[in-house]
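Analysis of the macromolecular model
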Amino acid sequence: MSGKDREEMPLLDPEERVKEFGEVALGYDEKKALTEAERCLNCKDPLCMQGCPVDVDIPEFIAKITEGDYDQAAQILKQKNNLPAICGRVCPQEGQCEKHCVLAKKGEPVAIGSLERFVGDYRLEHGKEPERTRELKGQQVAIVGSGPAGLTCAADLARMGYRVTIFEAFHKPGGVLMYGIPEFRLPKKIVQDEIEYVKSLGVEIRLNTVVGKTVTVDELLDEHGHGAVFISTGAGLPYFLDIPGENLKGVYSANEFLTRVNLMKAYKFPEHATPLFVGNTVAVVGGGNVAMDSARTARRMGAQKVYLVYRRSKEEMPARKEEIERAEEEGVDFRLLTNPVAIHGTDEDWVKGVELVQMELGAPDESGRSRPQPVEGSNFTLDIDTMVIAIGQGPNPLIPRSTEDLKVTKRGNIVVENDKGETDKEAVFAGGDVVTGAATVIEAMGAGKQAAQSIDEFLTSKH
Amino acid sequence: MIGEETNNVKPDLGYKIVRKEELAPNIKLFEIKAPWVAKKAAPGQFIILRVNETGERVPLTIANFNRDAGTVTIIAQEVGYTTKQLGQLREGDAVLDFVGPLGQPSELPESGTVVCIGGGIGIAPIYPQVKALSEQGINVITIVGSRSAEQLILTKDLEELSSKFYVATDDGSQGYKGFVTDILQELLNSGTNVDRVIAIGPIVMMKAVTAITQPRNIPTTVSLNSLMVDGTGMCGACRVTIGGENKFACIDGPEFDAFQVDFDEQLQRQDFYRDPEMKAMAQSHCHIGDTSERGDPRVR
C-alpha cells in the first residue's frame, strides 16, 4: 500500500485561475481521499502527531476515512481542532505533521492536510451541529480578537461550560482568515461556516468593538464581569521599508491591499463599494506567504506584470514552498537578491518606479539565514505603477497603550510568563501573533488552546 | 443592496438613526444610537461606519455625543458614494456597522485664549471642541468659513459658545467676503493675544492657517482626515509624515501639531482614489449616483 504515490491535489489551470478569485486547490473527492487514506500505515507510535501544535489524533481520523465513516473522522478531528476545513487549507503541513510522517523517509508523506480538508469540508456540508455543553459555569471570559487564536480559545472554553464573548474590531469575525488570506486560498464561506460552528457551542461574538478604544481590558474585568481576558489581537501593524517615496500614491502595505480585496471585496467593485487601484505593473516586496498572496492577488486584479522583490534567495524565503510554486505558475516574476532603496514618483506623486540594489549573501545572521548585503553600484530601476510592501507586521499597540500594567517587548509584543499564556497582569492571558510576532494559523490555534487550559485552571482555583 | 454573502453574524440589528436633520444642502446630521461608543467618545475622535453589506468603511469625525441617551452625532457632506448612500437613510433606519470612538481625543488647553477655525464640513468636528473649551471656561474665538452662506452649519450653536464669532464666505453671501485666514490675520494684526489655534477643514485651509501661526509661534493643532480602511492601525492607508516620521492618522492622530505636518503630501494622498483611472472605472461601471468622488476622504 505504502508504495503508492501520493494522491495529487487537483488544481485549477494557472491561466484560468488568474482571471478570477475562485479557490485554486479543488480538494479530494471521496475516491482520492480513500486512496490517500489507505497509504497511512497507522503507526503504533505515530510520529506525525509530534508535529501538530493542537495534538490532532491523526492516524485515528485517517483510519475512519478508510472505513468510510466520515462523521466519526470529523468528530475525532474536532476534539482537538475546531477549524479543520481552515487548517486543511492553510497549515504548513510540510513543516509539521507531514514532516514527521514515516513515509517521508523514503518517499512522500501521507497528505494529512488534504485529508483533513476533505473531512472538514464533509462536516461543513453534512455534519450535525454539536450539542450545547451540558452544564454552564457561571464565569464569563472575554476574548479579544476573532482570529485563529481567539476562535480556538473561545471554542475550548465554551466546551468547558464558560460563557464566552469574543470582541472583534471589524464588522466580520475571523481576523486574518478574513482580511488577510485570499479567497482563492481560503474561501470566506468556509471561514464563516467554521465560525458558525464555534458560535453553535455558545460563543457570542460582539463585532465592531475595538478593545482599547470602545472598551478597555480593565473595564472588561471590572465592569463587565469577565473573570479573565484572553488577548489574541494578532500582528496587524504593517511595517514599512522606511525609504524615500513610500508615501507616494500607488504604494500599499500588504495589509491594506489584501484587506481591501478580501474583507471589503474590492474585486467585486463596484457592486461592493470599496475600490482598489491596481495598475499594469506591480512590485511586491517580501518573501513570505503574505507577499505571495499579494502577488497572486495583484495578478487577479488585472496586473499584467507582477514582480516579487526579495532580498535573499529562494531557499531563504519564509513562504510555503507550495505558495511559491503557485505564484510562479501564475507568472509572478521573482527578482531575487534585490532590495528596494527608493521609490520614484511622477509629478503628481504617483509611483512610477522602484530603485533596487543587487544583494549578495554573506555570513549567516541571528536567524541562521545568510545575511544579505548590497552590492555597491548595482542600482537599477523597475518601471512600476503599483507597489505592495509585504515585509511583515508587528502587534497592534491599542491594547498595550490602554492597559497600564501589561508588559510588552521593545517591539510591542505582549510578554507571557510561560507557555501557558499568562501575562504578568492578573486574569489577563495572551497568545498568537500578538505574543510571538507573525507566525502561522495553527501555532496561534495552539496558543489559544493552551490559554483555554490556563484560564480554566485560573478560574477554577479562584472558586 | 444586500450582497449575496450576507452573513448571519451581524451586530445587534445595526445602529439606529434616532434623528436626522438636513443642516444645509447635501449636509446632513445623523444622531445614531451606539451606547458603547457614546460612553467613550471625546472631542477630536472619529467613528467608522458602513451603511450596508456591500458598503465601504468610511471615517467620520464625531460632531457630538450624549452619554445618557447613548447616542453619537455625525455630520456628513454628500461628496461621495457612501455619504450619498447614508443621506438616503431616514430616521428609524439603521446603519449596519458603526465602530469607535477611534483616534486620540483632543488635547485641549486648560487656559488662555483659543481660536477655533472650521472650514466647510470641518465646522462639524470643531463644534465639540468649542463646546468642551467653553464648558471649561476657556475664552474661545471661533471663525467659520464656507463657499457661501447656504453651506454654513452650526453657526447659532457656535456663536453662543464663543466669546467672539466670525463668519467668512468666499462669495460674501454671509459675513466677511474672503477666507477664514483673512480674519485670523486681522485678529493677530490687531493685537489679539492668542495662545492656541485649532483648525479643521480642507487641507489647503489648514496649511494656510499654519503659514500664519508658525512664524508667530502660536501652537496650532490640525485634524487630518486621511484615507482609512480599518481605523485601528492595521492598513497604513492613513500614513502621514509628521516631523519627518511616518505616523498613522487613525491611531496617532487624527490631530497633530500643525508645524510638523507635511501638508503637501496629504494633499496628494487624498487624491488617491480620485485620479482619472479610478474615476473612469467608477463611472463606467457604476449604477448608483455620482461616484466621481467616490473614496473622497473629505467626507466629514
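Residues numbered from 1 in each chain as written. Chains lettered and ligands numbered in written order. Predicted model: local features only at pLDDT ≥ 70, side-chain atom pairs only at ≥ 80, totals over all residues. Heavy atoms only, no water.

1. A short note on the overall build of chain A
Counting secondary structure elements, chain A contains 17 helices and 16 strands. The principal-axis extent of the C-alpha atoms belonging to chain A is close to 65 × 60 × 50 Å. Each of the 463 residues in chain A was classed as buried or not, and the buried ones make up 61%. The contacts in chain A between residues at least 6 apart in sequence include a share of 69% that link residues at least 24 apart. Element-wise, carbon and sulfur atoms account for 46% of the exposed surface of chain A, whose accessible area totals about 18400 Å². (Helix = DSSP H or I, 4+ residues; strand = E, 2+ residues; numbered from the N terminus. Buried < 20%, exposed > 50% of the residue type's maximum accessible area, 1.4 Å probe, protein only. Contact = heavy atoms within 4.5 Å. Areas by Shrake-Rupley, 256 points an atom, 1.4 Å probe, with all protein chains shown as cover.)

2. Re the sheet that holds strand β1 (residues 140-144) of chain A
Residues and elements named next belong to chain A. The 5 strands are arranged β3-β2-β1-β4-β16 in an open sheet whose pairing can be described as parallel. Pairing within the sheet leaves two strands with one partner each, and these edge strands are β3 (204-206) and β16 (428-430). Adjacent strand axes in the sheet meet at a mean angle of 25°, parallel and antiparallel pairs treated alike. In this structure, β1 lies alongside strand β4 (residues 226-231), joined through 5 bridges in parallel fashion. Across the sheet, I143 pairs through a bridge with F230, a residue of β4. Seen against the sheet, helix α8 (residues 148-160) touches β1, β2 (163-167) and β4 and runs at an angle of roughly 165° to β2. Of the strands in this sheet, β1, β4 and β16 touch helix α17 (residues 441-462), which is tilted by about 160° from β4. (Pairing = 2+ DSSP bridges. Axes fitted to C-alpha atoms, helices over the stretch in contact; angles between N-to-C directions.)

3. Topic: the domain arrangement of chain B
All names here are of chain B. With domains assigned, chain B is organised as domain 1 (11-103) and domain 2 (113-269). Using C-alpha coordinates to define each centre, domain 1 is positioned 22 Å away from domain 2. Contacts between the two partners involve 19 residues from domain 1, matched on the other side by 23 residues from domain 2. Across the domain 1 to domain 2 interface the summed buried area is about 1600 Å²; carbon plus sulfur atoms make up 67%. Scanning the region where domain 1 abuts domain 2 turns up 0 salt bridges. Applying the counting criterion to the domain 1 and domain 2 interface returns 4 residue pairs in polar contact (both at pLDDT 80 or more). For the side of domain 1 that touches domain 2, the elements supplying multiple residues, two or more each, are β1 (15-24), β3 (46-50), β4 (58-66) and β5 (71-77). Counting residues per element, the side of domain 1 that touches domain 2 draws most heavily on β4, which supplies 5 residues. (Domains from an automatic or database assignment. Buried area = accessible area lost by both parts, 1.4 Å probe. Salt bridge = Lys/Arg side-chain N within 4 Å of Asp/Glu carboxyl O. Polar contact = N/O pair within 3.5 Å; in protein donor to acceptor, adjacent residues only side chain to side chain.)

4. Some details on helix α3 (residues 123-135) of chain B
Residues and elements named next belong to chain B. Here α3 contains 13 residues, and its C-alpha end-to-end distance of 18 Å stays within 8% of the 18 Å for a straight helix at 1.5 Å per residue. Taken across its 13 residues, α3 has 10 buried, putting it largely inside the fold. The complete set of buried residues in α3 reads I123, A124, P125, I126, Y127, P128, Q129, V130, A132 and L133. A positive backbone phi angle near 80° is found at G137, which sits one or two residues after α3. (Expected span 1.5 Å × (residues − 1).)

5. Considering the environment of Q174(B)
Residues and elements named next belong to chain B. With respect to the element layout, Q174 can be found in the loop between β10 (164-169) and β11 (176-177). Considered as a pair, Q174 and E150 are 24 residues apart in the sequence and their alpha carbons are 8.8 Å apart. Residue contacts for Q174: discarding those within four places in its chain leaves A149, L152, V167, A168 and T169.

6. Considering the interface of chain A and chain B
Many descriptions give the size of an interface as the accessible area lost when the pieces come together. If you look at the interface, chain A gives 57 residues, while chain B gives 58 residues. Here chain A and chain B share an interface that buries about 5000 Å² over both sides, 55% of which is from carbon and sulfur atoms. A per-residue breakdown of the area chain A buries against chain B is headed by N208(A), K213(A) and N247(A), which together make up 14% of the total. The tally of links between chain A and chain B comes to 4 salt bridges. The tally of links between chain A and chain B comes to 22 residue pairs in polar contact (both at pLDDT 80 or more). Breaking the side of chain A that touches chain B down by element, the ones donating at least two residues are α10 (188-200), β5 (237-238), β6 (251-253), α12 (254-262) and α15 (398-402) of chain A. Looking at which element gives the most residues to the side of chain A that touches chain B, the answer is α12(A), with 4 residues. For the side of chain A that touches chain B, the class distribution of residues is 24 nonpolar, 16 polar and 17 charged. (Nonpolar A, V, L, I, M, F, W, Y, C, P; charged D, E, K, R; others polar.)

7. Thoughts on the environment of R206(A)
Residues and elements named next belong to chain A. Locating R206 in the fold gives a position in strand β3. The spacing of R206 and K172 is 34 residues in sequence and 9.6 Å in space, taken between C-alpha atoms. For R206, the side chain forms a polar contact with the side chain of T209, separated by 2.8 Å.

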